[in-house]
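As a plain string of letters, each chain reads:
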Amino acid sequence: MYSGENKIKVEHSLVKGAAGMIRLQGVTKRYKGASTDAVRSLDLEVRPGEIFGFLGPNGAGKTTTIKIIVGLLKPDQGQVLINGHDLALDPIAAKHAMGFVPDKPDLYPRLTALEYLNLIGDVYGVDAQTRRKRLDYYLDMFQLTEAAGDLIQSFSRGMQQKVALTGALLHAPALFILDEPMVGLDPKSSHQFKEIMREHVREGNTVFFSTHVLEVAEQLCHRVGIINQGELIACGTMDELRSKEGREGSSLEKLFLELTDEGGSYEK
Amino acid sequence: MKSRVWSLYRALLNVNYGWSAAKYYYLRKKQRIWEPIVIGVSIAPAAGFVVWLAWTMTEQLYAGGLSFGQPHLPLVTGTLATAVLSLFFGFFYVLSAFYFSNDLPVLLPLPLGSGEILLAKLGVVLTGQYLLNAFVLVPMGIRYGMLAEAGLGYAVSALLSFLILPVISLVIAGVLAVLLMRLVNLSRYKDQLTWIGGIGLLVLVFAFTFWLQNNVQSDDPMVLMELLMNQADGLIREVGKIFPPSVWAAQAMAYANQALGWLNLLYLILAGAVSLAVLYFLGEKVFLQGVLAGLEGTRGGSRRKQASRDLEVRNAFWTLVSTERKLFLRDPNFALNGLVGYVLFPVMALLPVFGKNLGNNPFDLLSLDQLHPLLAAGGVALFFLVMSGLSLIPSTTFSREGRYLWIMRSLPLSLGQVIGSRVAAAQLINTAGCLLGVLPIAYISGWGVLPVILGAILGVLLASGAALLLTLLDLSRPMLDWVNPIKAVKSNFNGIVGAFGTFGLAFLLGALFYFNWQTETLWLIPLELLLAAALLTALAVLLVRRWAPALWARL
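Here the structure is a predicted model, which is why all the values come from computation and not from measurement. (Residues numbered from 1 in each chain as written. Chains lettered and ligands numbered in written order. Predicted model: local features only at pLDDT ≥ 70, side-chain atom pairs only at ≥ 80, totals over all residues.)

### Notes on the overall build of chain A
Part 1 of the argument: What chain A contains, in helices and strands, is 10 helices and 10 strands.
Part 2 of the argument: In chain A, which comprises 268 residues, the proportion classed as buried is 47%.
Part 3 of the argument: Within chain A, residue pairs in contact and separated by at least 24 positions form 72% of the contacts whose partners lie at least 6 positions apart. (Helix = DSSP H or I, 4+ residues; strand = E, 2+ residues; numbered from the N terminus. Buried ≥ 20, exposed ≤ 12 C-beta atoms within 10 Å, placed from the backbone. Contact = placed C-beta atoms within 7 Å.)

### What about the overall build of chain B?
Part 1 of the argument: Of regular secondary structure, chain B possesses 22 helices and 0 strands.
Part 2 of the argument: Taking all 555 residues of chain B together, 37% fall into the buried category.
Part 3 of the argument: Within chain B, contacts between residues at least 6 apart in sequence are counted, and of these 86% link residues at least 24 apart.

### Details of unusual backbone geometry
Part 1 of the argument: Within the chain, serine 41 of chain A stands out as a residue other than glycine whose phi angle is a positive 45°.
Part 2 of the argument: Assignment of secondary structure puts serine 41 of chain A in strand E2 (residues 39-46).
Part 3 of the argument: By the C-beta count within 10 Å, which is 17 here, serine 41 of chain A ends up partly exposed.
Part 4 of the argument: Even without a glycine there, the phi angle at leucine 392 of chain B is positive, about 65°.
Part 5 of the argument: Secondary-structure assignment places leucine 392 of chain B in the loop between helix H15 (373-390) and helix H16 (397-401).

### Focus: helix H6 (residues 114-148) of chain B
Along an α-helix, residues three or four positions apart point the same way, because every turn accommodates 3.6 residues.
Part 1 of the argument: The sharpest bend along H6 of chain B measures roughly 50° and falls at alanine 134 of chain B.
Part 2 of the argument: In the stretch just after H6 of chain B, glutamate 149 of chain B is the one whose phi turns positive, near 50°. (Bend = angle between axes of the 7 residues up to and from the residue.)

### Structural notes on the sheet that holds strand E7 (residues 175-179) of chain A
Through backbone hydrogen bonds, the strands of a sheet pair up, either in parallel or in antiparallel fashion.
Residues and elements named next belong to chain A.
Part 1 of the argument: Spatial ordering of the open sheet is given by E6-E7-E8-E3-E9-E10, a layout of 6 strands whose pairing is mixed. Pairing within the sheet leaves two strands with one partner each, and these edge strands are strand E6 (98-101) and strand E10 (231-236). Taken pair by pair, the neighbouring strands of this sheet meet at an average axis angle of 15°, ignoring direction.
Part 2 of the argument: Two strands pair when backbone bridges link them, and E7 and strand E8 (residues 206-210) are joined in this way by 5 bridges, in the parallel orientation. Directly across from aspartate 179, in E8, lies its bridge partner serine 210.
Part 3 of the argument: Along the sheet, helix H2 (residues 62-70) makes contact with strand E3 (51-55), E6, E7, E8 and strand E9 (223-228), crossing E7 at roughly 145°.
Part 4 of the argument: Its contacts with the sheet place helix H6 (residues 157-169) against E6 and E7, and it is angled at close to 170° to E6. (Pairing = 2+ DSSP bridges. Axes fitted to C-alpha atoms, helices over the stretch in contact; angles between N-to-C directions.)

### With respect to the interface of chain A and chain B
Part 1 of the argument: At the interface, 33 residues of chain A touch 30 residues of chain B.
Part 2 of the argument: Of all elements in the fold, only helix H3 (91-96), helix H4 (113-124) and helix H5 (128-141) of chain A reach the threshold of two or more residues within the side of chain A that touches chain B.
Part 3 of the argument: Examining the composition of the side of chain A that touches chain B, we find that 5 residues originate from one element, H4 of chain A, more than from any other.
Part 4 of the argument: For the side of chain A that touches chain B, the residue count by class is 15 nonpolar, 8 polar and 10 charged. (Nonpolar A, V, L, I, M, F, W, Y, C, P; charged D, E, K, R; others polar.)

### Points about the sheet that holds strand E4 (residues 77-82) of chain A
All names here are of chain A.
Part 1 of the argument: Strand order in the open sheet formed by 4 strands is E2-E1-E4-E5, and the pairing between neighbours is antiparallel. Edge positions in the sheet fall to E2 and strand E5 (85-86), since each has one partner strand and no second.
Part 2 of the argument: Sitting on the sheet, H2 is in contact with strand E1 (22-29), E2 and E4, with an inclination near 120° to E1.

### Some words on H2 of chain A
All names here are of chain A.
Part 1 of the argument: Most of H2 sits inside the fold, with 9 of its 9 residues counted as buried.
Part 2 of the argument: All of the buried residues in H2 are Lys62, Thr63, Thr64, Thr65, Ile66, Lys67, Ile68, Ile69 and Val70.
Part 3 of the argument: In the stretch just after H2, glycine 71 is the one whose phi turns positive, near 90°.

### A closer look at the confidence of the model for chain A
When pLDDT is low, close inspection of the predicted coordinates is not appropriate.
All names here are of chain A.
Part 1 of the argument: Mean pLDDT over chain A: 83, with 88% of residues reaching 70 or higher.
Part 2 of the argument: By mean pLDDT, helix H1 (residues 4-15) is the weakest element of chain A at 36, and E8 is the strongest at 93.
Part 3 of the argument: Segment residues 1-18: pLDDT under 50, and 19 contacts once partners within four positions in sequence are set aside and those in other chains are kept.
Part 4 of the argument: Across residues 263-268, confidence stays below pLDDT 50; counting only partners more than four residues off in sequence or on other chains, it has 10 contacts. (pLDDT = per-residue confidence, 0-100.)

### With respect to the packing of H4 of chain A against H6 of chain A
Residue and element names in this part refer to chain A.
Part 1 of the argument: In the contact formed by H4 and H6, the axes pass within 9 Å of each other and the chain directions differ by 25°. As far as their axial angle goes, H6 and H4 are roughly parallel. As for the relative orientation of H4 and H6, their crossing is right-handed in sense. Seen from H4, the contacting residues are Ala113, Tyr116, Leu117 and Ile120; seen from H6, they are Val163, Thr166 and Gly167.
Part 2 of the argument: Looking at the contact of H4 with H6 residue by residue, the classes come out as 5 nonpolar, 2 polar and no charged. (Parallel < 35°, antiparallel > 145°, perpendicular 65-115°, else oblique. Left-handed = near helix turned anticlockwise from the far one by under 90°.)

### Thoughts on the pairing of E4 of chain A
Residue and element names in this part refer to chain A.
Part 1 of the argument: With 5 of its 6 residues buried, E4 lies for the most part within the structure.
Part 2 of the argument: Two elements, E1 and E4, share 5 bridges in a ladder whose sense is antiparallel. Bridge assignment links leucine 24 to a residue of E4, and that residue is valine 80.
Part 3 of the argument: Relative to E5, E4 runs antiparallel, the two sharing 2 bridges. Across the sheet, the residue bridging to leucine 81 is aspartate 86, located in E5.
Part 4 of the argument: In this antiparallel pair of consecutive strands, E4 and E5, the connection spans 2 residues, and asparagine 83 shows a positive phi of 50°.

### What to know about the nonpolar core
Part 1 of the argument: Ile177 of chain A together with Phe384 and Leu462 of chain B are the most contacted members of the largest nonpolar core, which totals 140 residues.
Part 2 of the argument: Per element, the largest residue contribution to this core is 16 residues, and it comes from helix H19 (residues 449-476) of chain B.
Part 3 of the argument: When sequence neighbours within four positions are dropped, the list of residues in contact with phenylalanine 384 of chain B reads Asn430, Cys434, Ala456, Gly459, Val460, Leu462 and Ala463 of chain B.
Part 4 of the argument: Judged by nonpolar contacts, the second largest core, of 58 residues, contains Met57, Ile117, Leu119 and Val136 of chain B. (Core = buried A, V, L, I, M, F, W, Y, C linked by C-beta atoms within 7 Å.)

### Points about the packing of H4 of chain A against helix H12 (residues 316-329) of chain B
Part 1 of the argument: One way to put it is that H4 of chain A packs onto H12 of chain B with a least axis distance of 8 Å and a crossing angle of 150°. The angle between H4 of chain A and H12 of chain B falls in the class roughly antiparallel. The handedness of the crossing between H4 of chain A and H12 of chain B is left-handed. Taking contact as the criterion, the partners of Leu119, Asp122 and Val123 of chain A in H4 of chain A are, on H12 of chain B, Ala316, Thr319 and Thr323 of chain B.
Part 2 of the argument: Broken down by class, the residue content of the contact of H4 of chain A with H12 of chain B amounts to 3 nonpolar, 2 polar and 1 charged.

### Quick notes on the environment of leucine 522 of chain B
Residues and elements named next belong to chain B.
Part 1 of the argument: By the element assignment, leucine 522 lies in the loop between helix H21 (493-518) and helix H22 (525-554).
Part 2 of the argument: According to the C-beta neighbour criterion, leucine 522 is partly exposed, with 16 such atoms within 10 Å.
Part 3 of the argument: Sequence-wise, leucine 522 and proline 373 are 149 residues apart; in three dimensions their C-alpha atoms are separated by 9.4 Å.
Part 4 of the argument: Non-local contacts of leucine 522, meaning those with residues more than four positions away in its chain, are made with His372, Leu374, Leu375, Asn516 and Trp517.

### As for the confidence of the model for chain B
Part 1 of the argument: Looking at chain B as a whole, the pLDDT averages 79, with 79% of positions reaching at least 70.
Part 2 of the argument: Predicted confidence is poor over residues 297-308 of chain B, with pLDDT under 50, and the contacts of this stretch with residues over four places away or in other chains come to 24 contacts.

### Focus on the environment of leucine 118 of chain B
Residues and elements named next belong to chain B.
Part 1 of the argument: Position of leucine 118 relative to the elements: it lies in helix H6.
Part 2 of the argument: Assessed through the 26 C-beta atoms surrounding it within 10 Å, leucine 118 is described here as buried.
Part 3 of the argument: Taking the C-alpha atoms as reference, leucine 118 lies 9.9 Å from tyrosine 99; in sequence the two are 19 residues apart.
Part 4 of the argument: Residues in contact with leucine 118, not counting those within four places in the same chain, are Phe98, Leu279, Tyr280, Gly283 and Phe287.

Put into C-alpha cells, the structure is as follows:
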C-alpha cells in the first residue's frame, strides 16, 4: 500500500535525477460494481531511453494501467509519476511529456486529418516550421499526404491509426505510450512503425506499449512486464526473466504461457 | 425466421430506446428515478395540447361533415394526415435506419437474411411511428366513436387501421429507399439528405404558416376550422386518389358494421400483407448490395487536397473554439436541431409581413411608436438567453463528443481551457444566430441600431452565464454512450433542462419588464439584466470551481 511518506521519498529521488520515465507506486483500481480489482497494488518503473513492452492476457489490466498512466482513469490508490511529474498534482506537465495512441483510436470523424493534426500541434505548441517538417515526414511515411485534407470519417481503421500515430509523435514526446499499436497496420506500416519506435528511443526518448504479439515484444523491447489478473507477475529483460524462471533458451511465448497459466506473482 | 426477426427486433428496440439501461437504473438500482418524472412533466403540456387539439378538431370536423352528409370527415382527415406525414418523413427515418446506422457491420456477418434485417429495422421505425400517431389518432378515434355511437366493429376496425396504415406508408418509403440505394450510393450524401429532411420540415411549417396568414381573415377559431375543413375536403379527395389506403382505413371505420366497411378493412389487411412481402422480397434481392456499396470507404476529391497545404498555427484556446464550432456545425444531426430556432422564430415572425393580411401585422406592435427602446433591447437580450438553451450547444457539449472525448482528456489542457473554449464557441454561434434573427425584425420595426446593440451586449453577458452553467450540467452527467449522434442532442436530458431553464429565467425577467412598464421604471431594465447576468455568472463560476475538476476527472 502506498503512503504519503513514500511520496516524499519519490519526489526527492526524482529531483536528484534518479526518476524513471514512468513510475507507478501501489496503483490500485476497481471499476464501479466490479467484485475484483482491475489493477492491484501495481509498482512499475520504466526507465528513460528504453522500449518497454507491457504484456498480459485479455482482461489482465493492461488497458486499465495505460488509461491510468495517461490520465483517462483515476486510480483508487497509489501514485503515478511521469517524467518526474505527479499526474494527480500536475497533470498538464505530465501530459506534455506524453504522446498517446489508444487501442481504438476514435478520432473526430468530421475533422480532416490535417485539422486534427493542427489541433494537436496547437495544443502542444509545436511551431510552424517543426510542424511542417514532422508532418511531411510522417504523412509521407504513412502515405497519407494526399488524404490529409479528407474528412477522417472517410478513412479506414488503419488510416485512422496512422493519423493518431502521427498526432502522438508530432511534438516528439519524451514518452510515447501505445495500446496495441500494431492492430490495424499493414505489414509495411508495421515495419516502419517498429523503426520509428527504435529511432524515437535512440533520440533519448522512451516507448511504452502493450501488445499481444509476443514476437514484436521479443524483437523490440529492452524490458517487458507481464501483468495477470491485475498484478505484475514478471518484469525485466528477456534474459532476466529466463534466468529467474530457470528457463534459459525459452521463447517469450513459452515463458508468457507458463507464467500466466500459473498465475504466479512477481517478486522484486 | 419469425423468431429470429422477433429477437432482432427486440434487441434493436432495446438499443434504440435504451430499455435495458433504463430497467437497470430505474428498477434494479432505483437510481435516477427523477429523470423520467422530469422528462414526463416537461413534455406533458405539449402532448396534452396535441391530444386536446385532436379531440376538439374531431368534434368540429364531425359537426361540419355531418352538415353535408359526411360525418366520417375526421377519420379521413386524421388517417390521411398521419399516413402522408409518415410517408414523407418516414422516408428519411427508414433510409437512416436501413443504410446509415452503425449497427450494420455487426448485423451483416450474422446468419440473418437481408429481408429479416429489414423487417426488424422496419419494426423499430414503426414502433416510433405508432407512438407519434397515437397522440393524434387515439383521441380522434375515441372522440369519433363517442360522437357516432360506434360499437365493437368500429373498435376492431379502428385498432387494425391504426396498426396497418403506418406499415403501408413506411413500406412504401422503405421500398423507395431500397430501390434508390440500389441505383445510387446515397451513403455518400448522408449529410445532405439529413439537411434536406430537416429543411423540408421547416419549409412545410413555413408554408403552412404562410397559407394561414394569407387565408384567414378573422381571429375567430370557428372561421379557421371551417376553412381548414373545406380545404381539407378537396385535399382528401385529391390525395385520397394517390394514397387509397387512408380512404380504405377511414371507410373501414366509418362503415364498421356494414359489408362496405369489412370490404375496406380486407383491402387494408391485404395491402399491409402484400407490402411487407414486397419489402422482404426486395430486401433479399437488393438490400445487401446497397448496404455493401455504402460501407465502402469514400474519399474526398481534389477539393480538399489544397487544404492539406494549409498549415495554421494558432493559440490552443482558439483552436479548441474552432474545433468545437466545426464539430457542431459539420454534423447535420447537431446543427439542424441546434440552429432551427435561430431561423424558425424570426421567419415565423416575418412571414406576416409578406402575407396579404398587413392589417394584422404584429410588427405594428413592435414599432417604436408602441414599444419603448429599452423594452426592445430587453427583448433582444432575452432572445439571446432563450436561444443559448434552445440551441443545445452548451448543454450537450460533452455528450456530443461521446467516445471521442478521450482526445481532449489525454491532451495537456487545463479545465479552464476546456470549459472556456466550449462556452466561447457556444457564444459565437449564439450571437451570430441571434443577430441573424433580430436584425431583420429590428429593421422592419424601425428600432434603430442602439436598442439592438444594447440588447446584444446584455444578451451576450446573460447567455454567457447560462452557457457556463449548462456546460457544467453536461459535464456532470454527459450522455457519452450513443451510436446515433442524434441521440446526443435529441434524447439528452441536459438539453431539455437547458431549454426549459433558460426559458423559465427569460419568463421571469419578462415578467419583471412588464412590472417596469406598469410602474414606468423602464430605465431599470439594463440594470436588471446586468444584475441577472452578474448573478448567473457568479453562480456558474462558483459551481464550476467547486465541482468541475472532480467531474472532469471522473469522466
